[in-house]
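Now for the letters of each chain:
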Amino acid sequence: MTQSRGRSRKTLGVLFILLSAFCFAFMTAFVRLAGDLPSIQKAFFRNVVAMVFSFCVLLRKKEGFLQKKENLPFLLLRALFGSLGILFNFYAIDHMVLSDSNMLNKLSPFFVILFSFFFLKEKITPIQGIAVVLAFAGSLFIIKPTFLWGGSLDSIPALVGTLGGLCAGLAYTMVRICGQRGEKGPFIVFFFSLFSCLCFLPFLLFSYTPMTGMQLFYLLLAGLAASGGQFAITTAYLYAPAREISVYDYSQVAFSSLLGFLFFGQVPDSLSLIGYGIICLTAIGMFLYQNRS
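The numbering scheme is per chain: residues are counted from 1 as the chain's sequence reads. Residues qualify for local features only when their pLDDT is at least 70, as the model is predicted, and side-chain atom pairs are given and counted only at 80 or more; totals for whole chains, interfaces and linings, by contrast, use all residues. As a convention, hydrogens and water are excluded, and side-chain values are obtained from all of the structure's heavy atoms.

Colleague: Kindly report on the overall build of the protein chain, identifying the contributing residues and their values.
Modeller: The secondary structure content of the protein chain amounts to twelve helices and zero strands. Secondary structure counts use DSSP, requiring at least four H or I residues in a row for a helix and at least two E residues in a row for a strand, with both numbered from the N terminus. Going from the N terminus to the C terminus, the protein chain shows its helices and strands as α-α-α-α-α-α-α-α-α-α-α-α. Split into buried and exposed, the 293 residues of the protein chain put 49% on the buried side. Using the Shrake-Rupley algorithm and a 1.4 Å probe, accessible areas are obtained, with residue cover drawn only from the displayed protein chains. When the accessible area of the protein chain is evaluated, it comes to approximately 14,100 Å², of which 71% is carbon and sulfur surface. Exposure is judged per residue with a 1.4 Å probe applied to protein chains only, and the accessible area is read against the type maximum: over 50% gives exposed, under 20% gives buried, and values in between give partly exposed.

Have a look at this one:
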């Protein structure tokens, strides 16, 4: 019974992280459709919608807010590192080739596994480690970072982008700690969104850029998609250890490519198709391995 229940939780974790990847891919498309606006303005709208959405969920479920006061330090760490991760990622996007910044952001699952090992003592099996490496290799075929193909990379934006992946990994590790200590997913999302909005608001007031109705509409859609992604990934890490599900986060690359074709007419090249194959086969193999185990 216990083994069956554990397998069921892992399956739910996989499904939620795939849903998260799908939502975040839509968020990226909507942010691009919003046009040329300051990154911090886009980040604010990304989180203000999530804040309102999670607040409504908390009121509807009548679960209350902070469950245990002793969890506050971990919630603050999750919110702090999550907010820094967003800012660092947006800075990298603004100052680097987009594919390079995306590649650096995709380092976050490695940091999740690393920090989960140190903070939660979650062991990593050789098969699971190989799967994550293969998924990362597949993402390189799709992203094709220029500094690996003969280009150059400015050191400061690259360092900031790497710090963004590190902060995201720390934030998701704090999510799992909060979940294990009894905090509910909706409140974790609400606390993070409220914290980040309060941090971004002063900068937004001094550098606000007027928007058209369509730009505002796209940013609101981006916020809704980000809310769905945030709820899904928070729930995923509550259900299963990072080492078992983080590999599926790379499916976002495939989803983004599909939306790029639908919205912007971008057609994947042969290297991208190879990357899709590596990621999909790795994910399927990982899923079968976990079920057999």
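Colleague: Residues and numbers for the packing of helix H8 (residues 185–206) against helix H9 (residues 213–239), please.
Modeller: Axes here mean lines fitted to C-alpha atoms, for a helix over just the part in contact, with angles spanning 0 to 180 degrees between N-to-C directions. Interaxial distance between H8 and H9 falls to 9 Å at its minimum, and their mutual angle equals 130°. By the angle between their axes, H8 is oblique relative to H9. Crossing geometry of H8 relative to H9 is assigned as right-handed. Side by side, H8 and H9 meet where Gly185, Pro186, Ile188, Val189 and Phe192 of the first sit next to Gln230, Phe231, Thr234 and Leu238 of the second. A class-by-class count of the residues in the contact of H8 with H9 yields six nonpolar, three polar and no charged. To sort the angles, those under 35 degrees are grouped as roughly parallel, those over 145 as roughly antiparallel, those from 65 to 115 as roughly perpendicular, and the leftovers as oblique. By the definition used in this description, the sense in which the near helix is turned from the far one sets the handedness, with an anticlockwise turn below a right angle giving left-handed and a clockwise turn giving right-handed. Two residues qualify as a contact provided that any one of their heavy atoms is within 4.5 Å of a heavy atom in the partner residue. When residues are grouped by polarity, Ala, Val, Leu, Ile, Met, Phe, Trp, Tyr, Cys and Pro land in nonpolar, Asp, Glu, Lys and Arg in charged, and all others, Gly among them, in polar.

Colleague: Give a detailed account of the packing of aromatic side chains, specifying residues and quantitative values.
Modeller: The description of an aromatic ring pair rests on the distance of the ring centres and on the angle between the ring planes. Here the aromatic set is Phe, Tyr and Trp, taking the six-membered ring for Trp, and pairing holds for ring centres within 6.5 Å; pairs whose planes are under 30 degrees apart are stacked, those over 60 apart are edge-to-face, and all others are tilted. Tallied over the full model, the rule gives 13 aromatic pairs. Residues Phe53 and Phe231 carry aromatic rings whose centres are separated by 5.6 Å and whose planes lie at 80° to one another, so their mutual orientation is edge-to-face. With Phe53 in helix H2 (residues 39–61) and Phe231 in helix H9, this residue pair connects regions lying 178 residues apart in the sequence. Measuring from centroid to centroid gives 6.5 Å for Phe187 and Phe190, while their planes differ by 40°, and the two rings are tilted. Of this pair, Phe187 and Phe190 both sit in helix H8, three residues apart, which is roughly one turn of the helix.

Colleague: Describe helix H5 (residues 108–119), and please don't skip the residues or the numbers.
Modeller: Between its terminal C-alpha atoms H5 stretches 16 Å, which fits the 16 Å expected from twelve residues at 1.5 Å a residue. Taken residue by residue, H5 has Ser108, Pro109, Phe111, Val112, Ile113, Phe115 and Ser116 as its buried positions. Positive phi shows up at Lys121, right after H5, with a value of about 60°. What a helix is expected to span follows from its residue count: subtract one and scale by 1.5 Å.

Colleague: With reference to specific residues and values, describe the packing of H2 against H8.
Modeller: Relative placement of two packed helices is described by the angle separating their axes and the distance separating the axes. Running from amino to carboxyl end, H2 crosses H8 at an angle of 145°, the nearest separation of the two axes being 8 Å. Once H2 is placed against H8, the crossing between them reads as left-handed.

Colleague: So what's going on with a nonpolar patch on the surface? Which residues, and what values?
Modeller: Together, Leu114, Phe117, Phe118, Phe119 and Ile124 line one region of the surface with nonpolar side chains, adding up to about 480 Å² of accessible area. One can find Phe119 in helix H5. Like-charged residues are merged into a patch within 9 Å and nonpolar side chains (Val, Leu, Ile, Met, Phe, Trp, Tyr) within 5 Å, provided each residue has over 30% relative accessible area and no salt bridge. Salt bridge, as used here: a side-chain nitrogen of Lys or Arg that lies within 4 Å of a carboxyl oxygen of Asp or Glu.

Colleague: Hey, could you go over the side chain of Ser193 for me, with residue numbers and the actual values?
Modeller: Tracing the chain through its elements places Ser193 in helix H8. Contacts described as polar in this section are N or O atom pairs within 3.5 Å, which, within protein, must combine one atom able to donate a hydrogen with one able to accept it, while residues neighboring in sequence count only if both atoms come from side chains. One polar contact links the side chain of Ser193 to the main-chain carbonyl oxygen of Val189, over a distance of 2.8 Å. Residues in contact with Ser193, not counting those within four places in the same chain, are Asn47, Ala50 and Met51.

Colleague: An account of the environment of Leu258 is needed here, citing residue identities and associated values.
Modeller: Positionally, Leu258 belongs in helix H11 (residues 251–264). It is 8.6 Å that separates the C-alpha atoms of Leu258 and Pro268, two residues lying ten residues apart in sequence.

Colleague: Can you break down the environment of Gln215 residue by residue, with the values?
Modeller: Locating Gln215 in the fold gives a position in helix H9. Residue Gln215 is classed as buried on the basis of its relative accessible area of 16%. Remark: the alpha-carbon pair of Gln215 and Phe30, spanning 185 residues in sequence, is separated by 9.2 Å. Setting aside chain neighbours within four positions, we find Gln215 in contact with Ala34, Gly35, Asp36, Leu37 and Pro210.

Colleague: So what about the side chain of Glu183? Which residues, and what values?
Modeller: By the secondary structure assignment, Glu183 is in the loop between helix H7 (155–180) and H8. What makes Glu183 buried here is its relative accessible area of 3%. A distance of 3.1 Å separates a polar atom in the side chain of Glu183 from a polar atom in the side chain of Asn71.

Colleague: I'd like a description of the environment of Ala283, backed by residues and values.
Modeller: Looking at where Ala283 falls in the secondary structure, it is placed in helix H12 (residues 270–292). Separated by 35 residues in sequence, Ala283 and Tyr248 have C-alpha atoms that sit 6.2 Å apart.

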